[in-house]
Amino acid sequence: YLGDGVLVYFGYPIAHEEDAVRAVRSGLEIVTAVRQLAYTPPLQVRIGIHTGPVVVGEIGAGERTERLGLGETPNIAARVQGVAEPDTVVMSTVTQRLVHGLFTCQDLGPQTLKGISTPLSLYRVLGESAAQSRFEVAVGIGLTPLIGREEELGLLQRRWMQAKAGAGQVVLLSGEPGIGKSRLVQ
C-alpha cells in the first residue's frame, strides 16, 4: 500500500514468462470486482501497467521498513495510472508488445507524462481477446520459416509416423525458453 493506492510487482520475487499477461488480467479483474462493490459514493479504480527492470530494496528504518521496487519502472507505471480514466486499465507500449493479441486495446496515442522526457504511447485495455496464448497469436499472424531444425523436425515426424503405425513412442523436447519448442511441435 502506498498512500491511497496499491503497488503490485509481477515477477518479484519469482519471475514467470507470462507476468505481463497476469498483470493485465489482474487489472481487469480488479476493475470488475470494484464495480461490484456497493458503496455511496461508488468506489473507482485506475490501473496503470508498465514493464521494466526494478531494484528491490528495504526502505525505512527500525520496525518501519518496507520492501520497494525502485527505479524508472514503478514511476512510469504511476504516471500511466494517472492518465487512466476511472475504472479502466491503461498500459505502456512496452507492456502492450508483450501481451499483443491477447487483449483488445484502444490506442490512446503518445501521451506526455510528468517527469518523462519523451511522450509514451499508451493503450487502454478493453478486454481479453479470443486467443489463448502468445503462440496462438503468432500462428494467426503468420510465422517466419523454420530454419536449422531439419534434424529435430525429421525425428519428430519419424516418431509420429511410428506412433500412428501402432508402435508407442515418447519424445522429450526440452530447452531454454524461446528457442522454438512449441513452434517445432506445431
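Scroll up a little and you will see the structure.
Rules used throughout
Residues numbered from 1 in each chain as written. Predicted model: local features only at pLDDT ≥ 70, side-chain atom pairs only at ≥ 80, totals over all residues. Heavy atoms only, no water. Helix = DSSP H or I, 4+ residues; strand = E, 2+ residues; numbered from the N terminus. Rg over C-alpha atoms; globule rule 2.2 N^0.38 Å. Contact = heavy atoms within 4.5 Å. Areas by Shrake-Rupley, 256 points an atom, 1.4 Å probe, with all protein chains shown as cover. Patch = residues over 30% accessible without salt bridge, like charges linked within 9 Å, V, L, I, M, F, W, Y side chains within 5 Å. Salt bridge = Lys/Arg side-chain N within 4 Å of Asp/Glu carboxyl O. Buried < 20%, exposed > 50% of the residue type's maximum accessible area, 1.4 Å probe, protein only. Expected span 1.5 Å × (residues − 1). Phe/Tyr/Trp six-rings, centres within 6.5 Å; stacked < 30°, edge-to-face > 60°. Pairing = 2+ DSSP bridges. Axes fitted to C-alpha atoms, helices over the stretch in contact; angles between N-to-C directions.

Caption draft 1: Seen up close, the overall build of the protein. Of the regular secondary structure elements, the protein holds six helices and six strands. Relative to the 2.2 N^0.38 estimate, which gives 16 Å for 186 residues, the radius of gyration of the protein is 22 Å and therefore markedly larger than a compact globule would have. Taken along the three principal axes of its C-alpha coordinates, the protein extends 65 × 40 × 40 Å. Here the analysis covers contacts within the protein between residues at least 6 apart in sequence; of these, 60% occur between residues at least 24 apart. Carbon and sulfur atoms form 54% of the exposed surface of the protein, whose accessible area is close to 12900 Å².

Caption draft 2: Fine view of a nonpolar patch on the surface. On the surface, a cluster of nonpolar side chains totalling about 480 Å² of accessible area is made up of Tyr 1, Val 6, Val 8 and Phe 10. When you line up the elements, Val 6 lands in the segment before α1 (19-35). You can call Val 6 exposed: its relative accessible area is 58%.

Caption draft 3: Representation of α1 within the structure. With 17 residues, α1 should cover 24 Å at 1.5 Å per step; its first-to-last C-alpha distance of 24 Å lies within 8% of that length. For α1, the full list of buried residues reads Asp 19, Ala 20, Val 21, Ala 23, Val 24, Gly 27, Leu 28, Val 31 and Val 34. Looking at the buried residues of α1, the elements they touch are β1 (46-49), β4 (88-92), α3 (93-99), β5 (103-111) and β6 (120-128).

Caption draft 4: Region of the structure containing the packing of aromatic side chains. As enumerated under the stated definition, the model contains one aromatic pair in all. Arranged with centres 6.5 Å apart and planes meeting at 80°, the rings of Tyr 9 and Tyr 12 form a pair that is edge-to-face. Taking relative accessible area as the criterion, Tyr 12 reaches 33% and is therefore assigned partly exposed.

Caption draft 5: Representation of helix α5 (residues 150-164). Over its 15 residues, α5 runs 21 Å from end to end, which matches the ideal 21 Å to within 8%, given 1.5 Å per residue. Following α5 by one or two positions, Gly 166 adopts a phi angle in the positive range, close to 105°.

Caption draft 6: Structural view of the sheet that holds β1. With mixed pairing, the four strands of this open sheet are ordered in space as β1-β4-β6-β5. The sheet is open, and its two edges are formed by β1 and β5, each paired on a single side. Geometrically, the sheet is characterised by an average inter-axis angle of 25° between neighbouring strands, direction not taken into account. Of the pairings in the sheet, the one linking β1 to β4 comprises four bridges and is parallel in character. Bridge pairing links Ile 49 to Met 91 in β4. Sheet strands touched by helix α2 (residues 72-83): β1, β4, β5 and β6. Its angle to β1, the strand with the most contacts, is close to 140°.

Caption draft 7: Representation of the environment of Thr 32. Note on placement: Thr 32 falls in helix α1. Sequence separation between Thr 32 and Glu 152 is 120 residues; the distance between their C-alpha atoms is 46 Å.

Caption draft 8: Highlighting the environment of Val 170. Here Val 170 shows up in the loop between α5 and α6 (181-185). Along the primary structure Val 170 and Val 90 are separated by 80 residues, whereas in three dimensions their C-alpha atoms are 45 Å apart.

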